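For reference, the chains in residue letters:
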Amino acid sequence: QLVRGREGGEPARRMSLSADADTDELHEKLAELQRENQLLEMENNLLSLCSERVLAQASEHEDADKSTRKASRKGGKKERLPLELTLQQKFEVANAEGDQAKAQMEECKNVSEKLIDDLRALLEEADIKLSEISKDSYEFKRDVSNSAPGKPISEKVLHYLEDKLRTKDSVVDKLTLKNAALKQQILKLENQLQHKEEMGEVLHVIDFDQLKIENQQYLEKIEERNNELLKLKLTTGNIVQTLNASKKRLNRLMMESETLKRMILEKQALTKKVCEEIDSIEVEKVKVKKANAALHKQIEESGMPEVLEYVTQKAAAHQLTKDLNNYERKVEISEMELKRRRVQLRSAGMMTGASSNRSPSQGY
């Protein structure tokens, strides 16, 4: 029974192996058919594009085509159209489509280059306008905002606008004269060209090539000049920014100097007042000392006073001693305040000298 089971399983394995082989073969054939379908689809797309272009070009000769078709129908036999293109026809169609694609790419390249040139010209014009606006803003601030405060703002603005209008009028006149000169030059060149054509001295290809070379050289020189002008504009912008920053710093230092001068004047006035108070206190001190000496002398010269007089004199002496101590304390406080004011005046004088020495170098 085991032998019979093995003999019965071998045909089943063979059938499964053959089925797997058939499946792999079918998969390969399917992949090949898909590749062929893709190639045919690409060929059909190329052929449709070529036929559409040819039909569009042949639409002008539609009447002639109709007459030829009628003549062919009268012949009685119809030409059998081929179902598949030959390799030569496929090659011609592919070459035609490649040439058409190259022409379209060249046209797109020309259009994009023209667009880039236009955008570059617009960008340069915007840069020029921006520099002119910044220059006008700087001149407006210089002539109107930072001018002398004698005139009102309205008169300053009117004067500034009148100057600008006069400048614009002069520029317009110059451009008008230049335009007229260019028109005269163009008219002269046209007359010369017309005269040469009449005389039979038409320009040859070599002349045109020479003119193209000269034009290219002039364009390169113009490009170099434009680059130099752009560098000069950038340098001028940096210089203007540095100048504005220096002006701001100078204004700030001038304000600080004015503040310090005002503080010095206040401190000097306060010091003068303190000195006057010290002098008055010194005078009072001298008077009190004289009175005290006179009292001591009177006490020494007089004899033994009575009890009530002694008590009164003792109270007066105590009061005078107290007043003397108060005056001496006031004198000490005044002397300390005088020393502190002198130290402050010395420090303020040192700060003023440092700021006066620093401001010219920073402004420069």
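Preceding this section is the structure that the text describes.
Fair warning: this is a prediction, and the values are worked out from it, not measured in the lab.

**Description of the pattern of salt bridges**
Throughout the structure, instances matching the rule amount to eight salt bridges. E25 is the partner of K29 in a salt bridge, and the nearest nitrogen-oxygen pair spans 3.8 Å. Of this pair, K29 and E25 both sit in helix α1 (residues 2-57), separated by four residues, roughly a single helical turn. Among the charged side chains, a salt-bridge network with shared partners connects E337, R340 and R341.

**Comments concerning a negative patch on the surface**
On the surface, D20, D22, D24, E28, E32 and E36 cluster together to form a negatively charged patch. Inspection of the secondary structure assignment puts E32 in helix α1. For E32, a relative accessible area of 42% gives the class partly exposed.

**Remarks on a nonpolar patch on the surface**
On the surface, a cluster of nonpolar side chains totalling about 300 Å² of accessible area is made up of L115, L119 and L122. Within the fold, L122 resides in helix α3 (residues 87-145).

**Some remarks on the side chain of R341**
With respect to the secondary-structure elements, R341 resides in helix α6 (residues 307-363). The class of R341 is buried, set by a relative accessible area of 12%. Ignoring sequence-local partners within four residues, the contact set of R341 consists of K267, L270 and T271.

**What about the side chain of T271?**
Of note, T271 is situated in helix α5 (residues 205-301). Those residues within four positions of T271 in sequence are excluded, and the remaining contacts are R341 and L345.

Quick notes on the rules
Residues numbered from 1 in each chain as written. Predicted model: local features only at pLDDT ≥ 70, side-chain atom pairs only at ≥ 80, totals over all residues. Heavy atoms only, no water. Salt bridge = Lys/Arg side-chain N within 4 Å of Asp/Glu carboxyl O. Helix = DSSP H or I, 4+ residues; strand = E, 2+ residues; numbered from the N terminus. Patch = residues over 30% accessible without salt bridge, like charges linked within 9 Å, V, L, I, M, F, W, Y side chains within 5 Å. Areas by Shrake-Rupley, 256 points an atom, 1.4 Å probe, with all protein chains shown as cover. Lys, Arg positive; Asp, Glu negative; His and termini not counted. Charge placed at Lys NZ, Arg CZ, Asp CG, Glu CD. Buried < 20%, exposed > 50% of the residue type's maximum accessible area, 1.4 Å probe, protein only. Contact = heavy atoms within 4.5 Å.

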